[in-house]
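# Structure at a glance
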Amino acid sequence: MAGLLCWVVVLGLIVVAVVDGASIAMTTVTLDDAARTAGIEAIDSVRSTSDGNTTPQVAVQLAYDAATASLAGHGGGEIDAATFVVHTDGSVSFTATRRAPTLLLGRLGPTRDWAEIDVEMNANRPIF
């Protein structure tokens, strides 16, 4: 009986690890896609304010706001304001963060950081 209980516990831990691993992988993929979309929104915002009537500081803030709104609309997450840069060529770069929903790995001290997903995004949009 004790042997059966041991196998059930081991099997349960394996299932939880697989489910949590899949959740972390899916969060990484979806965050990358959402950050890419947020980058494009930021670039579009920069282009729409390049009329000469907007100060560079305001243009960067509007681009940041567009990127954070886009990320919020695509599954949530945060953009680190300290990493948000609008480059002179109109491209943007930033780090986006999202926490993966996990059953166990994101709740335990030693593995808690595994559920915190960071994506570094460098976005540029070609001019057609």
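Look up a bit, the structure's there.
Just so you know, these numbers come straight off a predicted model, no measurement behind them.

### Considerations on the environment of Met26
Here Met26 lies in helix α1 (residues 2-48). Residue classification places Met26 among the exposed positions, given a relative accessible area of 53%. With 22 residues separating them in the primary sequence, Met26 and Ser48 have C-alpha atoms 33 Å apart.

### Details of the pairing of strand β3 (residues 92-99)
Of all the eight residues making up β3, seven are buried; the element is thus mostly covered by neighbouring parts of the structure. The pairing of strand β1 (residues 78-79) with β3 spans two bridges and is classified as antiparallel. Paired with Ile79 across the strands is Ala96, a residue of β3. Sheet topology places strand β2 (residues 85-86) next to β3; two bridges connect them, and they run antiparallel. Note on β3: the bridge partner recorded for Val86 is Val92.

### Overview of helix α2 (residues 56-73)
End to end, α2 covers 26 Å across 18 residues, agreeing with the expected 26 Å (1.5 Å per residue, within 8%). The set of residues buried in α2 consists of Ala59, Ala63, Ala67, Ser70 and Leu71. Each buried residue of α2 sits inside an arc of 105 degrees when the element is viewed along its axis, so together they form one side. Exposed side chains of α2 directed beyond 90 degrees from the buried face belong to Gln57, Ala69, Ala72 and Gly73. Elements in contact with the buried residues of α2: α1, β1, β2 and β3. Looking one or two residues beyond α2, the residue adopting positive phi is Gly75, at roughly 100 degrees.

Reading the values: the criteria
Within any chain, residue numbers begin from 1 and follow the written order of that chain's sequence. This being a predicted model, a pLDDT of at least 70 is required before a residue's local features are given, and a value of 80 or more before pairs of side-chain atoms are given or counted; all residues contribute to the totals for chains, interfaces and linings. For side-chain calculations, the full set of non-hydrogen atoms in the structure is used, while hydrogens and water are omitted. Secondary structure elements follow DSSP: runs of H or I of four or more residues count as helices, runs of E of two or more count as strands, with numbering from the N terminus. Only protein chains enter the calculation, and the probe is 1.4 Å; a residue is then buried if its accessible area is under 20% of its type maximum, exposed if over 50%, and partly exposed in between. The criterion for strand pairing is that DSSP finds at least two bridges linking the strands in question. The span expected for a helix works out to 1.5 Å for each residue beyond the first. For this quantity, the arc is that covered by the directions from the helix axis to the C-beta atoms. We call two residues in contact whenever any of their non-hydrogen atoms come within 4.5 Å of each other.

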